[in-house]
Amino acid sequence: MHAVRDHERAVDTLRRSYAAVPAGEPVRLAKQTSNLFRPRSAPRTPGLDVSGLTGVLAVDADARTADVQGMCTYEDLVDATLPHGLMPLVVPQLRTITLGGAVTGLGIESTSFRNGLPHESVLEMDLLTGAGDLITARPEGEHAELFRAFPNSLGSLGYATRLRIELQPIRRYVALRNIRFTRLEELTDAIGEVITKGSWEGDPVDAMDGVMFSPGEAYLVLGTFTDDAAGHPSDYTGQDIYYRSLRRRTRDVLTGYDYLWRWDTDWFWCSAAFGVQHPVVRRLWPQRYRRSDFYHRLVRLEHRHQVAARIDRWRGRPARERVVQDVEIPLDGTADFLRWFAKNVGMTPVWLCPLRLREPAGPGSARTWPLYPLQPGETYVNIGFWGSVPIAEGAADGDVNREIERAVSEAGGHKSLYSDAYYDRASFDRLYGGPAWQAVKDRYDPDHRLTGLYEKAVARQ
């Protein structure tokens with residue numbers, strides 16, 4: 001009962017802080033952390049008070065569901081579910097991603113080949129709309145249109161205060177097979193086989209992702225949930241670095257907890273930019289700061305003060321363009337796209353994560369989502385690449401990202417909107433459900449108090 005009363009008070013605080021924002025002023029959440037990679041205009045008013053909406057309200061182990069507040073991080077959510085032998089159907093890679101953020105802004109991980117994206121496990125959600133109303137949206141019923149349009153709306157249609165999600169069992173350990181491929185078509189064929197069979201060489205597959213170091217060296221990582229450690233579990237929170245292990249181990253085992261956060265310690269491989277992968281620096285770098293949110297804080301400081309950029313200019317080096325993206329490419333076009341990317345962008349490594357819309361009741365039961373219109377029955381591969389490239393002489397900042405957008409569209413894919421986007425309005429509306437978004441916007445935010453989706457994702461408002 002205390003949790004319910006505290007939640008009601010927190011929602012009331014949020015609504016009062018929303019009502020206090022003057023009409024015409026931009027609305028923002030007052031959050032301590034962010035996993036966005038696009039700059040935004042500076043806020044002119046205080047953010048919405050979501051300080052009381054950061055917890056897990058209840059876990060029903062028998063029903064395999066959890067009621068979770070919108071600003072609860074996956075780190076806290078996992079801490080609440082693992083003691084029951086349960087996990088969310090999809091746990092995004094970084095600890096401080098919030099459940100509400102993963103639903104309104106998308107998320108993905110190695111169970112997505114079977115479970116889709118985080119919003120596909122949502123049973124119902126309480127939403128504060130642009131009109132200031134608090135409504136409960138479900139897949140069917142009065143607010144089903146808002147339920148379907150909320151994923152990938154990035155806060156342009158409202159904010160989730162409570163979500164009820166499905167959970168799935170997880171065992172104590174995750175046994176891994178790291179399979180090397182020298183031809184990308186062989187890797188994509190292997191993904192297709194796992195999708196069809198649910199197994200690889202007789203081993204059941206509960207999780208699947210991978211890494212490409214080059215078109216001639218790529219790895220598929222297949223995970224099996226198990227209660228048998230088959231030896232001492234590996235630890236990649238200390239001196240060892242997870243992504244490097246793919247090149248030297250064909251088999252591995254992690255605790256379930258460490259598996260879920262295996263990418264967070266080194267922000268995949270991006271901690272190298274801060275020297276954290278150098279053995280001496282790593283020994284001196286406090287372990288509590290080997291986390292994605294701390295690295296992201298350093299990136300935000302660099303964006304604000306431009307220290308590295310000034311040093312590069314002083315040394316006569318070219319300016320650099322940020323290339324931080326996750327894109328979904330249909331499986332049959334993945335090998336060609338990866339070769340194009342290696343030739344024209346050249347960033348390595350890249351992350352590979354197979355994805356299909358979830359089919360909860362078997363083949364043909366997938367639900368579609370208008371603001372991120374993936375095709376039912378189609379297998380995609382999420383390709384993640386995060387870094388920067390030098391701006392060539394005669395080129396402009398953004399040119400490489402625009403080329404990537406064109407290549408993704410030509411391949412029949414989509415890209416997530418957490419980072420820079422350069423689409424014109426007509427292309428954006430075509431790719432991201434513009435008419436569906438507009439209809440829901442007009443109904444639930446008739447005065448357009450919340451910043452529009454295009455304005456957020458492309459215009460950086």
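Check the entry above for the structure.
Reference entry: report on the structure contained in this document.

About the cut-offs
- Residues numbered from 1 in each chain as written.
- Predicted model: local features only at pLDDT ≥ 70, side-chain atom pairs only at ≥ 80, totals over all residues.
- Heavy atoms only, no water.
- Helix = DSSP H or I, 4+ residues; strand = E, 2+ residues; numbered from the N terminus.
- Rg over C-alpha atoms; globule rule 2.2 N^0.38 Å.
- Buried < 20%, exposed > 50% of the residue type's maximum accessible area, 1.4 Å probe, protein only.
- Contact = heavy atoms within 4.5 Å.
- Areas by Shrake-Rupley, 256 points an atom, 1.4 Å probe, with all protein chains shown as cover.
- Phe/Tyr/Trp six-rings, centres within 6.5 Å; stacked < 30°, edge-to-face > 60°.
- Axes fitted to C-alpha atoms, helices over the stretch in contact; angles between N-to-C directions.
- Parallel < 35°, antiparallel > 145°, perpendicular 65-115°, else oblique.
- Left-handed = near helix turned anticlockwise from the far one by under 90°.
- Nonpolar A, V, L, I, M, F, W, Y, C, P; charged D, E, K, R; others polar.
- Pairing = 2+ DSSP bridges.
- Salt bridge = Lys/Arg side-chain N within 4 Å of Asp/Glu carboxyl O.
- Expected span 1.5 Å × (residues − 1).
- Arc of directions from axis to C-beta.
- Core = buried A, V, L, I, M, F, W, Y, C linked by side-chain atoms within 4.5 Å.

Notes on the overall build of the chain
Part 1: Per the secondary structure count, the chain includes 16 helices and 16 strands.
Part 2: Here the chain has a C-alpha radius of gyration of 22 Å; the compact-globule value for 461 residues is 23 Å, and the two agree.
Part 3: For the chain, buried positions account for 54% of its 461 residues.
Part 4: Considering only contacts in the chain between residues 6 or more positions apart, those separated by 24 or more positions represent 71%.
Part 5: For the chain, the accessible surface area stands at approximately 19800 Å², while carbon and sulfur atoms represent 50% of it.

Side note on the packing of aromatic side chains
Aromatic ring pairs are reported here in terms of the distance separating the ring centres and the angle at which the planes meet.
Part 1: A full pass over the atoms with the stated rule returns 25 aromatic pairs.
Part 2: An angle of 15 degrees between the planes, with centres 4.6 Å apart, marks the rings of Trp-263 and Phe-268 as stacked.
Part 3: Taking relative accessible area as the criterion, Trp-263 reaches 1% and is therefore assigned buried.
Part 4: Judged by its relative accessible area of 5%, Phe-268 is buried.
Part 5: Ring geometry for Phe-268 and Trp-351: centres 5.2 Å apart, planes at 65 degrees, overall edge-to-face. Here Phe-268, found in the loop between helix H8 (256-260) and helix H9 (279-284), pairs with Trp-351, found in strand S14 (residues 350-355); they are 83 residues apart in sequence, far enough to count as distant.

Considering the packing of helix H12 (residues 331-344) against helix H13 (residues 399-410)
Part 1: The geometry of H12 relative to H13 is characterised by a closest axis approach of 11 Å and an angle of 165 degrees between their N-to-C directions. For the element pair H12 / H13, the angle class is roughly antiparallel. The handedness of the crossing between H12 and H13 is right-handed. Residue-level inspection shows Phe-337, Trp-340 and Phe-341 of H12 in contact with H13, the latter providing Glu-403, Ile-404, Ala-407 and Val-408.
Part 2: Of the residues that constitute the contact of H12 with H13, the class distribution is 6 nonpolar, no polar and 1 charged.

Some remarks on the sheet that holds strand S12 (residues 251-255)
Part 1: Pairing in this open sheet of 8 strands is antiparallel, and the strands run S12-S7-S11-S10-S14-S15-S13-S16 from one edge to the other. Where the open sheet ends on each side, the last strands, each with one partner, are S12 and strand S16 (414-415).
Part 2: One ladder, built from 3 bridges, connects strand S10 (residues 207-214) with S14; its direction is antiparallel. Bridging across to S14, Val-211 finds its partner in Trp-351.

Brief notes about the pattern of salt bridges
Part 1: As enumerated under the stated definition, the model contains 38 salt bridges in all.
Part 2: One salt bridge connects Arg-9 with Asp-6, and the closest N-O pair in it is separated by 2.3 Å. In this pair, Arg-9 and Asp-6 are both assigned in helix H1 (residues 2-19), 3 residues apart and thus about one turn of the helix distant.
Part 3: Residue classification places Asp-6 among the partly exposed positions, given a relative accessible area of 41%.
Part 4: Residues Asp-429 and Arg-425 are paired through a salt bridge, measuring 3.4 Å at the closest nitrogen-oxygen approach.

Some points on the packing of helix H6 (residues 184-197) against H12
Part 1: Taken N-terminus to C-terminus, the directions of H6 and H12 make an angle of 150 degrees; their axes are 9 Å apart at the nearest point. Our classification of the angle between H6 and H12 gives roughly antiparallel. For the crossing formed where H6 meets H12, the hand is right-handed. Between H6, through Leu-184, Glu-185, Thr-188, Ile-191 and Gly-192, and H12, the contact on the second element is made entirely by Leu-331, Thr-334, Ala-335, Leu-338 and Arg-339.

Examining H1
Part 1: With 18 residues, H1 extends 26 Å between its outermost C-alpha atoms, agreeing within 8% with the 26 Å of an ideal straight helix rising 1.5 Å per residue.
Part 2: For H1, the full list of buried residues reads His-7, Ala-10, Val-11, Leu-14, Ser-17 and Tyr-18. Considered in projection along H1, the buried side chains sweep an arc of 125 degrees and stay on one side of the axis. Summarising the geometry of H1, the exposed residues directed more than 90 degrees from the buried face are His-2, Arg-9 and Ala-19.
Part 3: Residues of H1 that are buried sit in contact with strand S1 (56-60), strand S2 (65-69), strand S4 (122-129), strand S5 (134-137) and strand S6 (158-169).

Describing the nonpolar core
Part 1: Core analysis: the largest hydrophobic core is formed by 87 residues, its most contacted members being Trp-269 and Phe-428.
Part 2: Tallying contributions element by element places S6 first for this core, with 4 residues.
Part 3: Excluding residues that lie within four positions of it along the chain, Trp-269 makes contacts with Val-211, Tyr-243, Trp-263, Gln-277, Pro-349, Val-350, Trp-351 and Trp-386.
Part 4: Membership of the second largest hydrophobic core comes to 34 residues, among which are Ile-179, Val-345, Val-350 and Val-381.

As for unusual backbone geometry
Part 1: The peptide bond linking Thr-348 to Pro-349 adopts the cis configuration, its omega dihedral lying at -5 degrees.
Part 2: Residue placement: Pro-349 occurs in the loop between H12 and S14.
Part 3: Positive phi values are uncommon outside glycine, yet Leu-106 reaches one of about 75 degrees.
Part 4: Among the structural elements, Leu-106 can be located in the loop between helix H3 (99-105) and helix H4 (112-115).
Part 5: Overall, Leu-106 belongs to the buried group, its relative accessible area being 12%.
Part 6: Backbone geometry at Trp-267 places phi at a positive 50 degrees, although glycine is not the residue there.
Part 7: Relative to the helices and strands, Trp-267 resides in the loop between H8 and H9.

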